[in-house]
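Overview (structure and organization)
Each chain, written out:
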Amino acid sequence: MKIESTADLNLLLQTAQQGSLSAAARAVGCTPAAASAALKRMERQLGVRLFERSTRALRPTEEGERLLDYARRALELLQEGEAQATAGSDALIGSVRLSAPSDLSRSVLLPWLDAFLQAHPGVQLTLHASDRVQDIVRDAVDLALRYGVLADSQLVARPLAITERVLCAAPAYIERHGTPRSPHDLLNHNCLIFHIGYQRYTTWQFVRDGQATAVRVSGDRSADDAAIAHQWAVAGAGVLYKARLDVEGDLRAGRLLRLLPEWEGERYELHAVMPSGRFVPQRVRALVDFLAMQFARN
């Protein structure tokens, strides 16, 4: 064993947090000499440098950052196990790193996550709201919410909801530019473009009576954050083609109006995705169960 005890893990975390061995030693209750010897032993046994030394502070190396993430997880798992052993299975402790699409996070998830954290005050949440698909293992994500087909077979996925894209615009936009009567009318409208992955989503597909139609749209603005395109639509800047989950609240409130309701938009699933080779903490499983219940209710 290259890491001999939880004391080693704690020393690594305190060194990174405090930025100096003397401060880390005080935090863990040992002498600076003992802390220095322990750190050198770990680096020697691992065969990598964990911290860059300077006259002012210690800074984790790339290898050190990677190990620190696992050290945090290991201590969190121990804390969670202790809490469940002493306080019952409802006591959740530790952090959850959640990655979710930008617009879904803002339009749907935020109040649900607030409710989950209120019910489990021992949990700390880090939310990465972005339309960039993260590498779950490399980026140390505990849970990711992803739309569409999942290409990575090394991941464990649980379906949460099925949604479809709907075409919509603000009443102010319709008043100025009129209502499209068919998908091809979109060629004469200002369409709001956002990115899916790293590509502009400009080919909008519709189905009516079993017949599919695709239109390549354009507009005067695009964004790599779909939530911005959503905000532009509510402000009356153009036509939006977006997941119903993301725009349902604005449709109900009348801030957006559904267009071409006789045409079906693209349908796809939303999944909760976790790495298959990693033990899933109870707090992560509890969050997945909670989100599944919320999507089922809505």
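What you see is a predicted model; the values in this text were computed from it and never measured.

Here we come to the overall build of the protein chain. In terms of regular secondary structure, the protein chain is built from nine helices and 15 strands. In terms of overall dimensions, the protein chain has C-alpha extents of about 75 × 45 × 35 Å along its principal axes. Residue burial in the protein chain is summarised as follows: out of 298 residues, 46% are buried. The contacts in the protein chain between residues at least 6 apart in sequence include a share of 72% that link residues at least 24 apart. Of the accessible surface of the protein chain, which amounts to about 15,500 Å², a share of 50% is contributed by carbon and sulfur atoms. Separation between the mean location of the 35 positive side-chain charges and that of the 34 negative ones in the protein chain comes to 4 Å.

So, about the nonpolar core. Judged by nonpolar contacts, the single largest core of 30 residues is most densely connected at L167, L186, W204, V239 and L240. When residues of this core are traced back to their parent elements, those giving at least two are β6 (155–169), α6 (171–177), β7 (193–196), β9 (203–208), α7 (226–234), β12 (240–243) and α8 (244–253). The leading source of residues in this core is β6, at four residues. Formed by 27 residues, the second largest nonpolar core is a distinct cluster that contains L92, L270, M274 and L291.

Another aspect to go through is unusual backbone geometry. Of note, the phi angle at D209 is positive, near 55 degrees, even though the residue is not glycine. Mapped onto the secondary structure, D209 falls in the loop between β9 and β10 (211–216). One non-glycine residue with positive phi stands out, namely L260, at about 50 degrees. Among the structural elements, L260 can be located in the loop between β13 (257–259) and β14 (264–265).

The next thing to look at is the confidence of the model for the protein chain. When pLDDT is averaged along the protein chain, the result is 88; 91% of the residues meet or exceed 70. When the elements of the protein chain are averaged for pLDDT, helix α4 (residues 62–87) gives the smallest value, 75, and β13 the largest, 98.

This brings us to the layout of surface pockets. When its volume is computed, the largest pocket comes out at roughly 550 Å³. Along the walls of the largest pocket sit 31 residues, with P101, D131, V133, Y147 and I196 positioned nearest its centre. Among the elements that take part in the lining of the largest pocket, strand β5 (residues 143–147) stands out by supplying four residues, more than any other. In terms of residue class, the lining of the largest pocket is made up of 16 nonpolar, six polar and nine charged. In this structure, the second largest pocket spans a volume of roughly 330 Å³. In terms of lining, the second largest pocket is formed by 19 residues, of which the most central are V108, L245, E248, G249 and N298. Going through the elements one at a time, α5 (102–119), β6 and α8 are the ones with two or more residues in the lining of the second largest pocket. Considering each element in turn, the lining of the second largest pocket owes the most residues, seven residues, to α8.

Before going further, it helps to spend a moment on the sheet that holds strand β8 (residues 199–200). Pairing is mixed across the open sheet formed by three strands, whose spatial order is β8-β7-β11. The strands lining the two open edges of the sheet, one partner per strand, are β8 and β11 (222–223). Both β7 and β8 contribute to a ladder of two bridges, which runs antiparallel. Looking at the pairing, I196 lines up with Q199 of β8.

Looking at the secondary structure, you find E269 in strand β15 (residues 267–275). Given the relative accessible area of 30%, E269 is considered partly exposed. Residues E269 and R146, 123 residues apart in the sequence, show an inter-C-alpha distance of 8.3 Å. Those residues in contact with E269, other than ones at most four positions away along the chain, are R146, Y147, G148, P159, A161 and I162. Within the structure, E269 has its side chain in polar contact with the side chain of H271 (distance 3.2 Å).

For the pair helix α1 (residues 6–18) and helix α2 (residues 21–28), the least separation of the axes is 8 Å and the interaxial angle reads 130 degrees. If you check the angle between α1 and α2, you find them oblique. As α1 runs across α2, the sense of the crossing is right-handed. Residues N10, L11, Q14, T15 and Q18 of α1 form the contact with α2, whose participating residues are L21, A23, A24, A27 and V28. Class assignment of the residues belonging to the contact of α1 with α2 gives a composition of six nonpolar, four polar and no charged.

Parameters and conventions
- Residues numbered from 1 in each chain as written.
- Predicted model: local features only at pLDDT ≥ 70, side-chain atom pairs only at ≥ 80, totals over all residues.
- Heavy atoms only, no water.
- Helix = DSSP H or I, 4+ residues; strand = E, 2+ residues; numbered from the N terminus.
- Buried < 20%, exposed > 50% of the residue type's maximum accessible area, 1.4 Å probe, protein only.
- Contact = heavy atoms within 4.5 Å.
- Areas by Shrake-Rupley, 256 points an atom, 1.4 Å probe, with all protein chains shown as cover.
- Lys, Arg positive; Asp, Glu negative; His and termini not counted.
- Charge placed at Lys NZ, Arg CZ, Asp CG, Glu CD.
- Core = buried A, V, L, I, M, F, W, Y, C linked by side-chain atoms within 4.5 Å.
- pLDDT = per-residue confidence, 0-100.
- 1 Å grid on protein atoms, 1.4 Å probe; cavity = no way out; pocket = protein on both sides within 12 Å on 5 of 7 lines; lining within 4 Å.
- Points joined across faces, edges and corners; volume = space filled by probe spheres on them.
- Nonpolar A, V, L, I, M, F, W, Y, C, P; charged D, E, K, R; others polar.
- Pairing = 2+ DSSP bridges.
- Polar contact = N/O pair within 3.5 Å; in protein donor to acceptor, adjacent residues only side chain to side chain.
- Axes fitted to C-alpha atoms, helices over the stretch in contact; angles between N-to-C directions.
- Parallel < 35°, antiparallel > 145°, perpendicular 65-115°, else oblique.
- Left-handed = near helix turned anticlockwise from the far one by under 90°.

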